[in-house]
Amino acid sequence: MRKKILIQLALSSLCFGTDHTYDFAGKHFIASYLNCNQETISNVDRLIEAMDAAVFFSGATILKKSAHIFPPNGLTLVYLLSESHASLHTYPEFGSCFVDLFTCGEHCCAKFFDQAMRAYLEPKTTSSLFFFKK
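Remember, predicted model here, so these are calculated numbers, not experimental data.

## Side note on empty space enclosed by the protein
Tallied over the entire structure, the rule returns one cavity of 30 Å³ or more. Size it by volume and the largest cavity reaches roughly 40 Å³. Considering the residues around the largest cavity, the lining is formed by Lys-27, Phe-29, Leu-101, Thr-103, Cys-108, Ala-110 and Phe-130. For the lining of the largest cavity, the secondary-structure elements that each account for two or more residues are β1 (26-34) and β5 (96-104). A breakdown of the residues in the lining of the largest cavity according to their chemical character gives five nonpolar, one polar and one charged.

Next comes the structure, spelled out in C-alpha cells:
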C-alpha cells in the first residue's frame, strides 16, 4: 500500500508540480474510446479493475462505486470520489466506451486517467475534451 501511495504522489507531482496547497478549481475530462479491443471491453471484471486503476492514477480517492451489467457484458460504472465523480459506459457490441472524470481542486490529473484507460482498452479511435474552470 505504501508503494502505491508513493507512486500516486510522484504521478501527481509530475502533472501539477509539488505544491499541494488547495486552490479551488473544477476540471472535467470527457472521452470516447472507439473500436476498442473486443476482448478487453467485453471482460467486465477486468474493465472494473482497469477503471479502478485509472481513477487511482488520476490521484482521486474512491469513496463508493456502483456497477450495473447489461447482459451479456455491457457495463455502466459510477464512482463517487472525494474530489467529485467518474463514470464509464460501455457498448461492447460496438467496441465503444465513454468516460468522464470531474474533479475539484488541483491535485488530480486527467492525463494519467486517460493514459490508463487507453492502455487497457486499446482503442483505434479516441476523442476527448478537457474543461478547466478556476
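Next comes the rest of the account.
## Some details on the nonpolar core
Counting 28 residues, the largest nonpolar core has Tyr-33, Leu-88, Val-99, Phe-113, Met-117 and Leu-121 as the members making the most contacts within it. Listing elements by their share of this core, those giving two or more residues are β1, α3 (44-58), β3 (74-81), β4 (84-91), β5 and α4 (110-121). Examining the composition of this core, we find that seven residues originate from one element, α3, more than from any other. Beyond its immediate chain neighbours, meaning those up to four positions away, Leu-121 contacts Tyr-33, Cys-36, Asn-37, Thr-40, Ile-41, Leu-47 and Cys-97.

## Let's talk about the pattern of salt bridges
Within this structure, the stated rule accounts for two salt bridges. The salt bridge partner of Lys-65 is Asp-52, with a shortest N-O separation of 2.7 Å. Highlighted residues: Lys-65 in strand β2 (residues 62-70) and Asp-52 in helix α3, separated in sequence by 13 residues. On the basis of relative accessibility, which here comes to 22%, the residue Asp-52 falls in the partly exposed class. When the shortest N-O distance is used, the salt bridge between Arg-118 and Asp-114 registers 2.9 Å. Taken together, the residues span about one helical turn, with Arg-118 and Asp-114 both in helix α4 at a distance of four residues. Judged by its relative accessible area of 32%, Arg-118 is partly exposed.

Calculation criteria
- Residues numbered from 1 in each chain as written.
- Predicted model: local features only at pLDDT ≥ 70, side-chain atom pairs only at ≥ 80, totals over all residues.
- Heavy atoms only, no water.
- 1 Å grid on protein atoms, 1.4 Å probe; cavity = no way out; pocket = protein on both sides within 12 Å on 5 of 7 lines; lining within 4 Å.
- Points joined across faces, edges and corners; volume = space filled by probe spheres on them.
- Helix = DSSP H or I, 4+ residues; strand = E, 2+ residues; numbered from the N terminus.
- Nonpolar A, V, L, I, M, F, W, Y, C, P; charged D, E, K, R; others polar.
- Core = buried A, V, L, I, M, F, W, Y, C linked by side-chain atoms within 4.5 Å.
- Buried < 20%, exposed > 50% of the residue type's maximum accessible area, 1.4 Å probe, protein only.
- Contact = heavy atoms within 4.5 Å.
- Salt bridge = Lys/Arg side-chain N within 4 Å of Asp/Glu carboxyl O.

Shape is all these values report; function is a separate question.
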